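Results of the structural survey
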Amino acid sequence: MSVGHIARLLEAAGTPTVIVAVRSFRKRLEMMTVPRALLTPYLMGRPIGRPGDREEQKRVLQAALQLLETADQGGTIVDLET
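Now for a description of the structure that goes with this document.

**What to know about the overall build of the protein**
Scanning the protein for helices and strands turns up 3 helices and 3 strands. The secondary structure elements of the protein, listed N-terminal to C-terminal, are α-β-α-β-α-β. Over its C-alpha atoms the protein spans a radius of gyration of 12 Å, differing by no more than 12% from the 12 Å that the globule rule assigns to 82 residues. Dimensions of the protein, computed from the C-alpha atoms along their principal axes, are close to 35 × 25 × 20 Å. Residues counted as buried form 32% of the 82 residues belonging to the protein. Intrachain contacts of the protein at a sequence separation of at least 6 include 50% that bridge at least 24 residues. Accessible surface, the protein as shown: approximately 5,600 Å² in total, 55% of it carbon and sulfur. Where the 11 positive side-chain charges of the protein centre and where its 9 negative ones centre are 7 Å apart.

**What about the nonpolar core?**
Within the largest apolar cluster, 9 residues are counted, these being Ala7, Ile19, Ala21, Leu29, Met32, Val34, Ala37, Leu39 and Ile77. Those elements that provide at least two residues to this core are β1 (19-22), α2 (26-32) and β2 (36-40). Beyond its immediate stretch of four places on either side in the chain, Leu29 contacts Ile19, Ala21, Val34, Ala37, Leu39 and Ile77. In this structure, Leu38, Val60, Ala64 and Leu67 belong to the second largest nonpolar core, which totals 6 residues.

**Description of the sheet that holds β1**
Taken in spatial order, the 3 strands make up an open sheet running β1-β2-β3, and their pairing is parallel. The strands lining the two open edges of the sheet, one partner per strand, are β1 and β3 (76-79). Adjacent strand axes in the sheet meet at a mean angle of 25°, parallel and antiparallel pairs treated alike. Pairing of β1 with β2 involves 4 bridges; the strand directions are parallel. Opposite Ile19, over in β2, you have Ala37 as the bridge partner. Sheet strands in contact with helix α3 (residues 54-70) are β1, β2 and β3, and its direction is about 155° off that of β2.

**Points about the pattern of salt bridges**
If you walk through the whole model with that rule in mind, you get 6 salt bridges. A salt bridge links Glu11 to Arg36, with the shortest nitrogen-to-oxygen separation between them at 2.5 Å. A residue pair is termed long-range when its members are at least 10 positions apart, and Glu11 in helix α1 (residues 2-12) and Arg36 in strand β2 qualify at 25 residues. Glu11 sits in the partly exposed class, given a relative accessible area of 24%. Residue classification places Arg36 among the buried positions, given a relative accessible area of 13%. Note that Arg50 and Asp53 form a salt bridge whose closest N and O atoms lie 2.7 Å from each other.

The rules we used
- Residues numbered from 1 in each chain as written.
- Predicted model: local features only at pLDDT ≥ 70, side-chain atom pairs only at ≥ 80, totals over all residues.
- Heavy atoms only, no water.
- Helix = DSSP H or I, 4+ residues; strand = E, 2+ residues; numbered from the N terminus.
- Rg over C-alpha atoms; globule rule 2.2 N^0.38 Å.
- Buried < 20%, exposed > 50% of the residue type's maximum accessible area, 1.4 Å probe, protein only.
- Contact = heavy atoms within 4.5 Å.
- Areas by Shrake-Rupley, 256 points an atom, 1.4 Å probe, with all protein chains shown as cover.
- Lys, Arg positive; Asp, Glu negative; His and termini not counted.
- Charge placed at Lys NZ, Arg CZ, Asp CG, Glu CD.
- Core = buried A, V, L, I, M, F, W, Y, C linked by side-chain atoms within 4.5 Å.
- Pairing = 2+ DSSP bridges.
- Axes fitted to C-alpha atoms, helices over the stretch in contact; angles between N-to-C directions.
- Salt bridge = Lys/Arg side-chain N within 4 Å of Asp/Glu carboxyl O.

Structural data, given as structure tokens:
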């Protein structure tokens, strides 16, 4: 829950944020009304992918940056396409 609070504080200070989280946290993120979130299909504790899988990690980070550029309203939650 503190991730959502920190994201809102950063946003209020003018710094845009994207939370990258595993899909199992969707309901909590919706309840927290986070500014932007990218949900991934990975295991808890590994939201950007398996250790050492640089290509997949790069794909997740690129999707997060794209969400940062394209989200046009607060509370946007997007599932990473697999």
